[in-house]
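Below are the chains, spelled out letter by letter.
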Amino acid sequence: TSPAVRPTVASALSDIDGDGTQDEIATGQTVEFRSLENEALGTLTLQRNGDFEFTAAPNYFDLAAEPTPWAPGLAMVLVAIAGYLSIVGFPSLPAANPNLKFDWNPFGTYIESIKFMAQGPLLAVVLAWAAFYMIAMIALLILPEYQQILLIDFAETSYLLGILGIAIAIGSVVTGLVSGKQIRPWLIPFGAGGMCIAFLLLGTVEPTYLSVALLILMAGFFAGFYIVPLQALIQLLSPDEERGRIIGTSGAISFCFSS
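Analysis parameters
- Residues numbered from 1 in each chain as written.
- Predicted model: local features only at pLDDT ≥ 70, side-chain atom pairs only at ≥ 80, totals over all residues.
- Heavy atoms only, no water.
- Helix = DSSP H or I, 4+ residues; strand = E, 2+ residues; numbered from the N terminus.
- Rg over C-alpha atoms; globule rule 2.2 N^0.38 Å.
- Contact = heavy atoms within 4.5 Å.
- Areas by Shrake-Rupley, 256 points an atom, 1.4 Å probe, with all protein chains shown as cover.
- Pairing = 2+ DSSP bridges.
- Buried < 20%, exposed > 50% of the residue type's maximum accessible area, 1.4 Å probe, protein only.
- Expected span 1.5 Å × (residues − 1).
- Salt bridge = Lys/Arg side-chain N within 4 Å of Asp/Glu carboxyl O.
- Polar contact = N/O pair within 3.5 Å; in protein donor to acceptor, adjacent residues only side chain to side chain.
- Axes fitted to C-alpha atoms, helices over the stretch in contact; angles between N-to-C directions.
- Arc of directions from axis to C-beta.

Below, the discussion takes up the overall build of the chain. Each helix and strand in the chain was counted, giving nine helices and five strands. Along the chain direction, N to C, the helices and strands of the chain fall in the order β-β-β-β-β-α-α-α-α-α-α-α-α-α. The C-alpha radius of gyration computed for the chain amounts to 28 Å, which surpasses the reference 18 Å derived for 259 residues by more than 25%, pointing to a less compact arrangement than a globule. Seen through its C-alpha atoms, the chain measures out along the principal axes to roughly 100 × 40 × 35 Å. For the chain, the share of sequence-separated contacts (at least 6 apart) that also reach a separation of at least 24 residues comes to 54%. Surface exposure of the chain reaches about 16,800 Å², of which carbon and sulfur atoms provide 68%.

Following this line, the structure appears as structure tokens:
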């Protein structure tokens, strides 16, 4: 009988850099496996008989550890508690409409408030205000996709989200300084136009990390000019006895737009 012939392996395919595509590993070659965030996972050496030797990186088991499912919930509870404690010292104000009775119908107040707002420009202002939250939610859904487009890690992607939030805050403060003690409605189309230009450039300019970051900064900055006058108009156009219900209804509408 002839001796058994054992096949040899010339190469193998595996995803080395975590980008979802298969890379070729030659026999005798030692390759380093890295995550999409460019973190070292370990090295692998392929032998001609098909065996391989994998040497894990020192932080491999930390990267492969099971996530802590309760950590996000705990963080949200702590933030909520901190928010509550921050308003404890606020002075109490008398009720603008003390004769108003509690309505057990969860939709009745919303319907009445919408009917009241529809009698004037207030409903249009509220819808424009809610549209901002729809745009913001779309931006929050799209920004993480730049991790694949720019081939960046999670930390760099989170910086883009942070830039957006900081830019909105800066734009809001600048809007307050420009407005002074008056409400300047002309800032609303100014802010909307700036956001449109920034988002248009995001879809047309060759994406680099710097260009994306600058355009996100621009969009967030002009968002402050858009949202602050609208919020001020909602409070100005609302009668004292209806202001609380109108602001609550405005929040509900903005939540629907962002869902």
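Inspection of the sheet shows strand β4 (residues 40–46) paired to strand β5 (residues 52–56) by five bridges, in the antiparallel sense. Considered in β5, the bridge of L44 is made with F54. Hairpin connection, β4 to β5: the antiparallel pair is bridged by five residues, and G50 has positive phi, about 95 degrees.

Next up on the list: the pairing of strand β3 (residues 30–34). Residues V31 and F33 point to one face of β3 and are all buried, whereas T30, E32 and R34, pointing to the other face, are not buried. In this structure, β3 lies alongside β4, joined through five bridges in antiparallel fashion. What sits directly across from T30, in β4, is T45.

Turning our eyes to something else, we now look at helix α4 (residues 122–142). Helix length check: α4 (21 residues) gives 31 Å between terminal C-alpha atoms against 30 Å at 1.5 Å per residue, within 8%. Among all positions of α4, only L122, V125, V126, W129, A130, A131, F132 and A139 are buried. At its buried positions, α4 is contacted by α3 (108–117), α6 (154–179), α8 (209–237) and α9 (243–258).

Take unusual backbone geometry next. Residues other than glycine seldom take positive phi values, yet L151 does so here, at roughly 55 degrees. For L151, the position within the fold is in the loop between α5 (146–149) and α6. Relative accessible area serves as the criterion here: at 62%, L151 is assigned to the exposed category.

The subject of this paragraph is the pattern of salt bridges. Under the definition given, this model contains four salt bridges. The partner of R243 in a salt bridge is D240, and the shortest N-O contact between them spans 2.9 Å. Here E242 and R245 are joined by a salt bridge, their closest N and O atoms 3.0 Å apart. Salt bridges sharing common partners tie together E112, E242 and R245.

Structurally, S258 is set in helix α9. The exposure class of S258 is buried, given its relative accessible area of 17%. For S258, the side chain forms a polar contact with the main-chain oxygen of F255, separated by 3.0 Å. Beyond its immediate chain neighbours, meaning those up to four positions away, S258 contacts Y133, M134 and M137.

Another aspect to go through is the sheet that holds β3. Taken together, three strands build an open sheet; the order of strands is β3-β4-β5 and the sheet is antiparallel. Two strands bound the open sheet, and with one partner strand each, they are β3 and β5. Neighbouring strand axes in the sheet, compared pairwise and without regard to direction, differ in orientation by 25 degrees on average.

With that settled, consider the side chain of T157. Among the structural elements, T157 can be located in helix α6. In contact with T157, other than residues within four places in its own chain, are L143, P144, Q147 and I152.

On to the environment of I16, then. Structurally, the position occupied by I16 is in the loop between β1 (11–14) and β2 (23–26). For the pair I16 and L41, spaced 25 residues apart in the sequence, the C-alpha separation amounts to 9.6 Å. Beyond its immediate stretch of four places on either side in the chain, I16 contacts D23, I25, V31, E32, F33 and R34.

Over its 18 residues, helix α7 (residues 187–204) extends 26 Å from the first C-alpha to the last, a length consistent with the 26 Å expected when each residue adds 1.5 Å. Residues of α7 that are buried include every one of L187, I188, G191, G194, M195, A198 and L202, and no others. Buried positions in α7, seen along its axis, are confined to an arc of 135 degrees and lie on one side of it. Of the exposed residues in α7, the ones pointing more than 90 degrees away from its buried face are P189, C196, L200, G203 and T204. Packing partners of the buried residues in α7 comprise α5, α6 and α8.

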